[in-house]
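Residue strings, one per chain:
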Amino acid sequence: MVATTSEQPLTLANIPLSSWSFAIRVWLAMILALFVSFWLQLEAPASAAVTVGILAEPTRGQALDKAGFRLLGTIVGVAASIAITGIFAQERDLILVAFAVWIGICVFAANLLDGYRAYAAVLSGYTVALIATQQIDNPQHVFESGVARGAAIAVGVLSMAVINTLVYTPDRHPRLMVQLAAIRRRIREYAGAAYGAEPGNSATFLTLLREIVALRPEIASVAVETSSGFVRSVAARSVAVGLVAELQAARILNSSPVDVDDTDQARAALERAVDSALPAPQPVLVAGQKRVRDVETEASAWTAGEWRRRDEEVYQDLLALKSARWPLRVWRAPLYRSYRTAAASGVRAALWLAIASIFYVWAGWPAASASLSFVALITGLGATTPSARGFTAITVVGSPIAVALTGILEFMVLNGADAFPVLAIAMAPFTIGAAILMKSQNPLWSSLGRVNLLFIPVILAPSNPQTYNPQSFLFTSLFLVAAAALLLAAQTLIPPVSDDERRMRLLAEARAELRKPAQQTGEPSEEAAFRDAARIGQFLSVGGAQDSRALAEMLSCFDQSAMVRLCEAKLMSLADGPLASLADDARAAISKRDTATLRTIAHRLHETAAQKDSIEADVAACLILTSNLVDRGGGVESTREAT
């Protein structure tokens, strides 16, 4: 027996060295961004520092990918600012209405996207707040303000890229390849459980499924890491889609006992289909069930062969990822989009901005547009998190902390100093500390670290020379804290879409798709399965694991949809032959979920099959498995009468 030990990461002060390296890179990039901004005499150097904080990602590809989407979102936001102020130049109220509608549209788009694409959507929304609303009394300066913000963001992006190049920054693809290979190994173990005393449980299946779909944004970021990054990203995407298809086949294999005919020929066929490492199943036939069990046995053997085929495809795609070459099949990894939930979230975001605008207009605060900008900023960033109100609550707690830390930095540490080296050294503990908190495994500490990394440079507003104005500091701090508190009050008055509501909508959409007649849409079954897996991932992210009945129904919809699509693909091969009418009858039975007819057609196809690996036998196996899943999903035990 060989003993293995897990490698512990090197630490300094009980903090991993990787976290220290990440935090120091962020500090260096922020200081470089400020230095270049001062040298170029940019109007908003703080925007360059904030850009570095936003682009603080652990790997090179993630930082570059986010930088590209930040530039894109800024361009869209500046264009929207110019359009809104140009159309409603003399109407302050209409500008605020248009701004609220625009934020709602951007939040709607963010809910239909994931990763940095969702961030770009909300960025294009709150950019209007940072440009148009702050220039609401001077619309002629919107273009200049947009150019200044774009220049500062470009400086921040370039600074982060330079530091990541000069200082060692890990790539994502080596670790990604290890993760995908480990998931494949665990799926093989899950499939092997079908031949043991205890089949694999749903918890294992859900864990694997959630891990696979969660890698989708990171796979996209691999494309910009190196010159071969795009090819690696395509290969990794194909691996992820193939893993979902393999996992689904393993789940079908685990869904019922594996029946094996007690003949040498059937046992040999199954052993060729199943990986040699798996133990051979035991025969379970009894007299009087011979004919029915023949079809069931071959269906089980076909499922095992289908799983092994998919496992081999994943293995080949992993080799393609390792060697940076094109995979044999190029799959898309579609994201499931719930348009109703996205629309509800967008409407709520627009209402929150409208409430904040009404409050500021009613209060008549001077320079209230700055506070409204913070409301839009927090709303947008919260839209990319699992809980918008939870993020706002963290901001309510984190903003006073950021104010206190900035006050210490500006009036106690710097205390009137105007030398840039002093500023760089003084910012080090605050920036590095916030970046280390971001790397924490605790979501609360990580969120507080992100909030402080962004808000400290916003409140400090570094300039050349630095102005130590207590009144400006107090106003900025007040506007920030008031914005977080006001948004939390608005979200209490009009709550975000609840987790229960999200779960029910996802389940209703899964039911609706399952009730639709099976049609050939041209989408490969593997890609459709990945999209359904993404829906299950969204369901789990809103507490779906605690709702056992809804989760069971969601999984049943997933199983039935996958098998129906596979049957449709198999039946297409019979469309032009002598069995075309039988294939049409099978499609009609699938649409009606007529399991008795499906089994009858399966037996007829099994009788006409020339050999066990013929297309007729494959279709018969698919129809049997589909009928079993439909009966199980409807709470009906499959009837297998001996004939």
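This text follows the structure it describes.
These numbers come from a predicted model, not from an experiment. (Residues numbered from 1 in each chain as written. Predicted model: local features only at pLDDT ≥ 70, side-chain atom pairs only at ≥ 80, totals over all residues. Heavy atoms only, no water.)

**Some thoughts on the overall build of the chain**
Selection criterion: Starting at the N terminus, helices and strands are each numbered in turn, a helix being any DSSP run of H or I of at least four residues and a strand any DSSP run of E of at least two. We call a residue buried when its accessible area falls under 20% of the maximum for its residue type, exposed when it is over 50%, and partly exposed in between, using a 1.4 Å probe and counting protein chains only. A contact between two residues is defined here by any heavy atoms of the two lying within 4.5 Å. Here the open area of atoms and residues is found with the Shrake-Rupley method and a 1.4 Å probe, where only the protein chains shown may cover a residue.
Broken down by element type, the chain carries 24 helices and two strands. Relative to its full complement of 643 residues, the chain shows a buried share of 52%. Look at the contacts in the chain between residues 6 or more apart in sequence, and 78% of them connect residues 24 or more apart. When the accessible surface of the chain is split by element, carbon and sulfur atoms take 60% of a total near 28,700 Å².

**Re the environment of A489**
With respect to the helices and strands, A489 occurs in helix 18 (residues 470-493). Considering only alpha carbons, one finds A489 and R389, 100 residues apart in sequence, at a separation of 9.8 Å.

**Focus: empty space enclosed by the protein**
Our working rule: Both cavities and pockets are sets of points on a 1 Å grid over the protein atoms alone; in a cavity a 1.4 Å probe fits but cannot get out, in a pocket the set is open with protein on both sides within 12 Å along at least five of seven lines, and lining residues sit with an atom within 4 Å of a point. Grid points are joined across faces, edges and corners, and a volume is the space filled by probe spheres set on the points. The nonpolar class holds Ala, Val, Leu, Ile, Met, Phe, Trp, Tyr, Cys and Pro. Asp, Glu, Lys and Arg form the charged class, and all remaining residues, Gly among them, are polar.
Taken as a whole, this structure holds nine cavities of 30 Å³ or more when the rule is applied. The volume enclosed by the largest cavity comes to roughly 80 Å³. Lining the largest cavity are A245, Q248, R310, S525, E526, A529, A562, R565 and L566. Partitioned by chemical class, the residues of the lining of the largest cavity number four nonpolar, two polar and three charged.

**Some words on the packing of helix 5 (residues 115-131) against helix 6 (residues 142-166)**
Stated formally: To get an axis, fit a line to the C-alpha atoms, keeping to the stretch in contact for a helix; angles then go from 0 to 180 degrees between the N-to-C directions. An angle below 35 degrees is treated as roughly parallel, one above 145 as roughly antiparallel, one from 65 to 115 as roughly perpendicular, and anything else as oblique. Two helices cross in a left-handed way if the nearer one is turned anticlockwise from the farther one by less than a right angle. They cross in a right-handed way if the turn is clockwise.
For the pair helix 5 and helix 6, interaxial distance at closest approach is 10 Å and the crossing angle is 125 degrees. Relative to helix 6, the element helix 5 is oriented oblique. Of the two elements, helix 5 crosses helix 6, and the hand of that crossing is right-handed. The segment helix 5 lies against helix 6, with L123, Y126, T127, L130 and I131 engaging V142, S145, G146 and R149.

**A short note on the packing of helix 19 (residues 499-515) against helix 20 (residues 525-541)**
Where helix 19 meets helix 20, the closest approach of the two axes is 9 Å, and the angle between their N-to-C directions is 155 degrees. Comparing their axes, helix 20 and helix 19 come out roughly antiparallel. The interaxial crossing formed by helix 19 with helix 20 has left-handed handedness. Packed against helix 19, whose contacting residues are R503, L506, E509, A510 and E513, the element helix 20 presents R531, D532, R535, Q538 and F539 at the interface.

**Focus: the environment of L318**
Along the polypeptide, L318 turns up in helix 12 (residues 290-323). Looking at L318, the relative accessible area reads 11%, which means it is buried. A C-alpha to C-alpha distance of 7.9 Å links L318 and L180, two positions 138 residues apart in sequence. Those residues in contact with L318 that lie beyond four places of it in its chain are M177, L180, A181, R184 and V239.

**Focus on unusual backbone geometry**
Put simply, N464 and P465 share a cis peptide bond, and its omega is 0 degrees. Residues other than glycine seldom take positive phi values, yet N415 does so here, at roughly 50 degrees. Its place among the elements puts N415 in the loop between helix 15 (388-414) and helix 16 (420-438). Given the relative accessible area of 57%, N415 is considered exposed.

**Quick word on helix 16**
Condition: What a helix is expected to span follows from its residue count: subtract one and scale by 1.5 Å.
The first and last C-alpha atoms of helix 16 sit 26 Å apart over 19 residues, in line with the 27 Å expected at 1.5 Å per residue. Within the span of helix 16, buried status applies to L423, A424, A426, M427, A428, F430, T431, I432, A434, A435, I436 and M438. In this fold, the buried residues of helix 16 make contact with strand 2 (15-16), helix 1 (17-40), helix 15 and helix 17 (443-460).

**Section: helix 8 (residues 202-214)**
Short version of the rule: Directions are taken from the helix axis to each C-beta atom, and the arc is the one they span.
End to end, helix 8 covers 18 Å across 13 residues, agreeing with the expected 18 Å (1.5 Å per residue, within 8%). Turning to helix 8, its buried residues are F205, L206, L208, L209, I212 and V213. Seen end-on, helix 8 carries its buried residues on one side only, within an arc spanning 165 degrees. Taken together, the buried residues of helix 8 touch helix 7 (173-192), helix 9 (216-221), helix 10 (229-254), helix 20 and helix 21 (548-572).

**Let's talk about a nonpolar patch on the surface**
Let me state the cut-off plainly: Here the term patch refers to residues with relative accessible area over 30% and no salt bridge, with like charges joined within 9 Å and nonpolar side chains (Val, Leu, Ile, Met, Phe, Trp, Tyr) within 5 Å. A side-chain nitrogen of Lys or Arg and a carboxyl oxygen of Asp or Glu constitute a salt bridge if their distance falls within 4 Å.
A contiguous nonpolar surface patch, about 380 Å² in accessible area, is contributed by F35, W39 and L40. Locating F35 in the fold gives a position in helix 1. For F35, a relative accessible area of 47% gives the class partly exposed.

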